[in-house]
Amino acid sequence: MTTFITLALFAPAEEGGFNPLDLSQGGGLFWTVVIFAIALVPIWKLVMGPITKGLTERDERVNAAVLAAAQASKDAESAKLAVQQQLSLAQLEASKLVEAARARAEAVERSLKDDASKQAAALLDRARTEIQAEQEKAIAAIRREVVDVTMQAAGAVLSRKVDATDDRRLVEELVGAAGSSKKGPRS
């Protein structure tokens, strides 16, 4: 090839032949192709090599980023599922706690009602006992009054004073017998 170039450069121009030194007959195109061919190897090694290497590295980084994004998406999805599961467990636990608190509150309410019922029954029994005692005191007071009135009436009828212990005892027995005979049929 070098011989062809040498011959072409130094060969005398014949009429109608190609002269590479004559730029008007296509010599400029010839030299452009020759210079491009010679410069192609250094351009390829010095320019295209680093560009190709940079593009390859960029593709590798993009692929790594895509893989990392896919992994992060999977991790986020599994974390989301774990959070949802924990939330469900927390809601279940909360409902159990609320139900237990409700059951304790109902037990306390029943206990308070039972205690109140017992206290009310005790108060009612005590009131009945007190009423019975007051009733007996009132009946005893009425009997004494009846005895006194009877003795005064008997003293007025007999025109003497009925004061003796035996007379008083006799009247009390009569009044007691009259009270117990009235009580018997009522009960």
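Everything numeric here is computed off the predicted structure, so don't read it as measured data. (Residues numbered from 1 in each chain as written. Predicted model: local features only at pLDDT ≥ 70, side-chain atom pairs only at ≥ 80, totals over all residues. Heavy atoms only, no water.)

1. Concerning the overall build of the protein chain
Heads up, the condition is: By definition, any uninterrupted DSSP run of H or I lasting at least four residues is a helix, any uninterrupted run of E lasting at least two residues is a strand, and each is numbered from the N terminus. Here's how the labels work: a residue is buried when its accessible area is under 20% of the maximum for its type, exposed when over 50%, partly exposed in between, all with a 1.4 Å probe on protein chains only. Each accessible area value is a Shrake-Rupley result obtained with a 1.4 Å probe; residue values ignore everything except the protein chains displayed when judging cover.
Counting secondary structure elements, the protein chain contains three helices and zero strands. Along the chain direction, N to C, the helices and strands of the protein chain fall in the order α-α-α. When each of the 187 residues of the protein chain is scored for burial, the buried share is 6%. Total accessible area computed for the protein chain in this model is approximately 15700 Å², and 64% of it derives from carbon and sulfur atoms.

2. Details of the packing of aromatic side chains
Definition in use: Between rings of Phe, Tyr and Trp, where Trp is taken as its six-membered ring, a pair exists when centres lie within 6.5 Å; planes separated by under 30 degrees are stacked, by over 60 edge-to-face, and by other angles tilted.
A complete count under the given rule lists one aromatic pair for this structure. Measuring from centroid to centroid gives 5.2 Å for Phe30 and Trp31, while their planes differ by 75°, and the two rings are edge-to-face. Note on Trp31: relative accessible area 25%, which makes it partly exposed.

3. Topic: the pattern of salt bridges
Our working definition: Should a side-chain nitrogen of Lys or Arg be within 4 Å of a carboxyl oxygen of Asp or Glu, the pair is scored as a salt bridge.
If you walk through the whole model with that rule in mind, you get four salt bridges. The shortest N-O distance in the salt bridge between Arg58 and Asp59 comes to 3.7 Å. On the basis of relative accessibility, which here comes to 44%, the residue Arg58 falls in the partly exposed class. When the shortest N-O distance is used, the salt bridge between Lys113 and Glu109 registers 3.6 Å. Remark: Glu109 and Lys113 occur in helix H2 (residues 27-158); sequence separation between them is four residues, near one turn of the helix. The exposed category is assigned to Lys113, whose relative accessible area is 52%.

4. What about a nonpolar patch on the surface?
Selection criterion: Residues with no salt bridge and a relative accessible area higher than 30% make up the patches, which join like charges within 9 Å and nonpolar side chains (Val, Leu, Ile, Met, Phe, Trp, Tyr) within 5 Å.
Side chains of Phe36, Leu40, Ile43, Trp44, Leu46, Val47, Met48, Ile51 and Leu55 sit close together on the surface and give an oily, nonpolar patch of about 870 Å² of accessible area. Within the fold, Ile43 resides in helix H2. Overall, the relative accessible area of 39% leaves Ile43 in the partly exposed class.

5. Here we look at the confidence of the model for the protein chain
What counts is decided by this rule: pLDDT measures how confident the predictor is about each residue, on a scale from 0 to 100.
Mean pLDDT over the protein chain stands at 81; residues scoring 70 or higher make up 79%. Within the protein chain, the element-level pLDDT minimum falls on helix H1 (residues 2-10), averaging 53, and the maximum on H2, averaging 89.

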